Amino acid sequence: MKILMIGDVVGVIGRHVVQDELPRVTEKYRPDVIIANGENSAGNGRGIQRSAVRDLLEAGVRLITLGNHAWSHPEAVDMVRHESHVIRPANFPPGTPGRGYAVIPTPAGPLAVVNVMGRALMEPLRCPFRTVDEILKKIPADCPVLVDFHAETTSEKQALAWYLDGRVSAVIGTHTHVQTADERILPGGTAYLTDVGMTGGYDGVIGVDREAVIRRFLTQMPVRFTVAGGRTQFNAVLVDVDEKTRKARGLKRIRIDEDTSFDG
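Residues numbered from 1 in each chain as written. Predicted model: local features only at pLDDT ≥ 70, side-chain atom pairs only at ≥ 80, totals over all residues. Heavy atoms only, no water.

## Quick notes on the environment of aspartate 142
Here is step 1 of the chain: You can see aspartate 142 is positioned in the loop between helix 4 (128–136) and strand 7 (145–150).
Here is step 2 of the chain: Apart from residues lying up to four places away in sequence, aspartate 142 is in contact with Glu243 and Arg246. (Helix = DSSP H or I, 4+ residues; strand = E, 2+ residues; numbered from the N terminus. Contact = heavy atoms within 4.5 Å.)

## Some details on the packing of aromatic side chains
Any aromatic ring pair is given by two values, namely how distant the centres are and how the planes are angled relative to each other.
Here is step 1 of the chain: In this structure the tally under the stated criterion is two aromatic pairs.
Here is step 2 of the chain: A centroid spacing of 5.4 Å and a plane angle of 65° characterise the contact between phenylalanine 129 and tyrosine 163, whose relative ring orientation is edge-to-face. Taken together, the residues span a long stretch of sequence, with phenylalanine 129 in helix 4 and tyrosine 163 in helix 5 (residues 154–164) at a distance of 34 residues.
Here is step 3 of the chain: Residue classification places tyrosine 163 among the partly exposed residues on the basis of a relative accessible area of 36%.
Here is step 4 of the chain: Arginine 167 extends its terminal NZ or CZ atom over the ring of tyrosine 163, reaching a point 4.9 Å from the ring centre. (Phe/Tyr/Trp six-rings, centres within 6.5 Å; stacked < 30°, edge-to-face > 60°. Buried < 20%, exposed > 50% of the residue type's maximum accessible area, 1.4 Å probe, protein only. Lys NZ or Arg CZ within 6 Å of the ring centre and 35° of its normal.)

## Structural notes on the pairing of strand 1 (residues 2–6)
Here is step 1 of the chain: Within strand 1, four of the five residues are buried, leaving the element largely enclosed by the surrounding structure.
Here is step 2 of the chain: Across four bridges, the pairing between strand 1 and strand 3 (residues 33–37) is parallel. Residue isoleucine 6 lies in a different strand from strand 3, and its bridge partner there is alanine 36. (Pairing = 2+ DSSP bridges.)

## Some details on the sheet that holds strand 9 (residues 184–185)
Sheets are built from strands that pair by backbone hydrogen bonding, the pairs being arranged parallel or antiparallel.
Here is step 1 of the chain: Taken together, the six strands give an open sheet; going across it, the order is 5-6-7-8-10-9, and neighbouring strands pair in mixed fashion. Of all strands in the sheet, those with a lone pairing partner are strand 5 (101–104) and strand 9, marking the two edges.
Here is step 2 of the chain: By the bridge criterion, three bridges tie strand 8 (residues 170–174) to strand 10 (residues 191–193) in an arrangement that is parallel. Counted as the bridge partner of alanine 170 is alanine 191 from strand 10.
Here is step 3 of the chain: Strand contacts of helix 4: strand 5, strand 6 (111–117) and strand 7, with the helix running at about 155° to strand 6, the strand carrying the most contacts. (Axes fitted to C-alpha atoms, helices over the stretch in contact; angles between N-to-C directions.)

## Let's talk about the pairing of strand 8
Here is step 1 of the chain: Most of strand 8 is tucked away: five of the five residues are buried.
Here is step 2 of the chain: Burial of the side chains of strand 8 extends over both faces: Ala170, Ile172 and Thr174 are buried on one face and Val171 and Gly173 on the other.
Here is step 3 of the chain: Sheet analysis places strand 7 next to strand 8, joined by five bridges and oriented parallel. Counted as the bridge partner of leucine 146 is alanine 170 from strand 8.
Here is step 4 of the chain: After leaving strand 7, the chain enters helix 5 and then returns to the sheet as strand 8, a path that is right-handed. (Right-handed = clockwise from strand over helix to strand, strands pointing away.)

## Here we look at unusual backbone geometry
Here is step 1 of the chain: One non-glycine residue with positive phi stands out, namely arginine 30, at about 50°.
Here is step 2 of the chain: Mapped onto the elements, arginine 30 comes out in the loop between helix 1 (11–29) and strand 3.
Here is step 3 of the chain: Notably, isoleucine 206 is not glycine yet its phi reads approximately 45°, a positive angle.
Here is step 4 of the chain: Looking at the element boundaries, isoleucine 206 is found in the loop between strand 11 (198–201) and helix 6 (210–219).
Here is step 5 of the chain: Given the relative accessible area of 43%, isoleucine 206 is considered partly exposed.

## Description of the pattern of salt bridges
Here is step 1 of the chain: Overall, the coordinates contain 14 salt bridges when judged by the stated rule.
Here is step 2 of the chain: A salt bridge links glutamate 27 to arginine 30; its shortest N-O distance comes to 3.1 Å.
Here is step 3 of the chain: With a closest N to O distance of 3.8 Å, arginine 126 and glutamate 134 form a salt bridge.
Here is step 4 of the chain: Glutamate 134 sits in the partly exposed class, given a relative accessible area of 40%.
Here is step 5 of the chain: Counted as one network, the salt bridges with shared partners bring together Arg15, Arg54 and Asp55. (Salt bridge = Lys/Arg side-chain N within 4 Å of Asp/Glu carboxyl O.)

Structure follows, in structure tokens:
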């Protein structure tokens with residue numbers, strides 16, 4: 001089973017990059033299923049909207065995960081409650097709309113995708129470690145599992161991967177918007193990458209207009225952030241899972257931008 005996970009899609013420009021690059025990436029790598037983190041895919045780069053879901057699904061994405069900006073748009077509450085193609089972090093408090101995991105069909109068999117959020121330097125949610133423990137009890141034992149861990153710190157991400165090693169097929173980090181170069185397969189067969197990176201503007205600061213971000217750091221005053229335009233980047237990771245053992249047998253970072261012209 002080949003799983004393509006696209007890093008945080010930022011703004012309309014990020015959605016356009018997915019639409020432009022995904023056909024070439026799909027042709028080259030032939031994934032069985034495509035997942036994308038869409039928590040920044042709204043037009044203003046914060047949260048998610050129905051138009052973003054539509055654009056990503058039409059581009060070929062099968063499931064959209066979220067994160068700490070899940071509720072930035074009022075329409076997201078009702079959408080997440082009813083949209084089967086969108087999941088939100090499972091460790092939000094009980095009663096939060098939507099689902100924290102989904103089991104989806106692929107040509108290579110069913111795949112479970114779990115979305116959890118970190119607590120270090122983020123909101124004080126329920127423990128992501130114990131949350132995944134609870135979810136794994138509900139997923140068939142023979143079903144591969146990919147975890148999107150939307151977290152700030154490298155230590156928390158690495159710790160969760162080691163905690164789940166041998167029990168899930170992959171732990172892929174999102175949220176920082178900067179692709180890391182530490183891809184590996186842990187001893188128990190779990191593929192790991194600290195952060196898959198982002199898809200959107202290349203010349204900004206994590207997808208935001210760089211002048212606004214610099215001004216914020218210089219003045220410590222409130223500044224209105226806008227999505228970066230101009231050159232673009234596409235960041236993703238391809239995970240190859242043995243559907244019989246549920247263990248990863250390979251993973252490959254994919255990076256496409258106008259400086260490096262490097263994909264994987």
